[in-house]
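Results of the structural survey
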Amino acid sequence: MSISMERFASEGQFPTYNPFPASMHKVTVFQVQCRCCGFEPDGVVTPTRLCPKCHGESWERFAKPGSILDNANRY
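A brief report on the enclosed structure follows. (Residues numbered from 1 in each chain as written. Predicted model: local features only at pLDDT ≥ 70, side-chain atom pairs only at ≥ 80, totals over all residues. Heavy atoms only, no water.)

This part is about the overall build of the protein. Of regular secondary structure, the protein possesses 1 helix and 2 strands. Element order for the protein, N to C, with α for helix and β for strand: β-β-α. Counting all 75 residues of the protein, 15% fall into the buried class. Long-range pairs, those at least 24 residues apart, make up 48% of the contacts in the protein with a sequence separation of at least 6. Approximately 7000 Å² of the protein is accessible, and the part contributed by carbon and sulfur atoms is 56%. (Helix = DSSP H or I, 4+ residues; strand = E, 2+ residues; numbered from the N terminus. Buried < 20%, exposed > 50% of the residue type's maximum accessible area, 1.4 Å probe, protein only. Contact = heavy atoms within 4.5 Å. Areas by Shrake-Rupley, 256 points an atom, 1.4 Å probe, with all protein chains shown as cover.)

Turning our eyes to something else, we now look at the pairing of strand 1 (residues 30–34). For strand 1, a buried count of 4 out of 5 residues is recorded, marking the element as mostly surrounded by other parts of the structure. Where strand 1 and strand 2 (residues 59–63) come together, 5 bridges link them in antiparallel fashion. For F30, the partnering residue across the bridge sits in strand 2 and is A63. (Pairing = 2+ DSSP bridges.)

A separate point is the side chain of Q31. One can find Q31 in strand 1. Here Q31 falls in the buried class, since its relative accessible area comes to 10%. Sequence-distant contacts of Q31, defined by excluding residues within four places in its chain, comprise E40, P41, E60, R61, F62 and K64.

We now examine the pattern of salt bridges. Going through the model one piece at a time under the given rule, you end up with 2 salt bridges. With a closest N to O distance of 3.9 Å, E60 and R35 form a salt bridge. Here E60, found in strand 2, pairs with R35, found in the loop between strand 1 and strand 2; they are 25 residues apart in sequence, far enough to count as distant. The partly exposed category is assigned to E60, whose relative accessible area is 28%. (Salt bridge = Lys/Arg side-chain N within 4 Å of Asp/Glu carboxyl O.)

One pass over the full model with this rule turns up 0 disulfides. Here C34 stays unpaired: no disulfide links it, and the sulfur of C54, its closest cysteine neighbor, is 3.7 Å away. Using a relative accessible area of 1% as the deciding quantity, one classes C34 as buried. (Disulfide = S-S within 2.5 Å.)

Here is the structure:
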């Protein structure tokens, strides 16, 4: 059999075992909000120094309601 020959009918018939399948969606567990005005920037892990809405310097990090359960159900 030559190296340059094409494979014959072997595509898609041999499933491989994957013990850790890639998750279909990522769950955002934590959210950041300004303590002064409640502004919540979208998709921010590390907020800016000043709040763009009220120019406050105090941020708090909290778990979004239901997100911990959604994250646990992924596995």
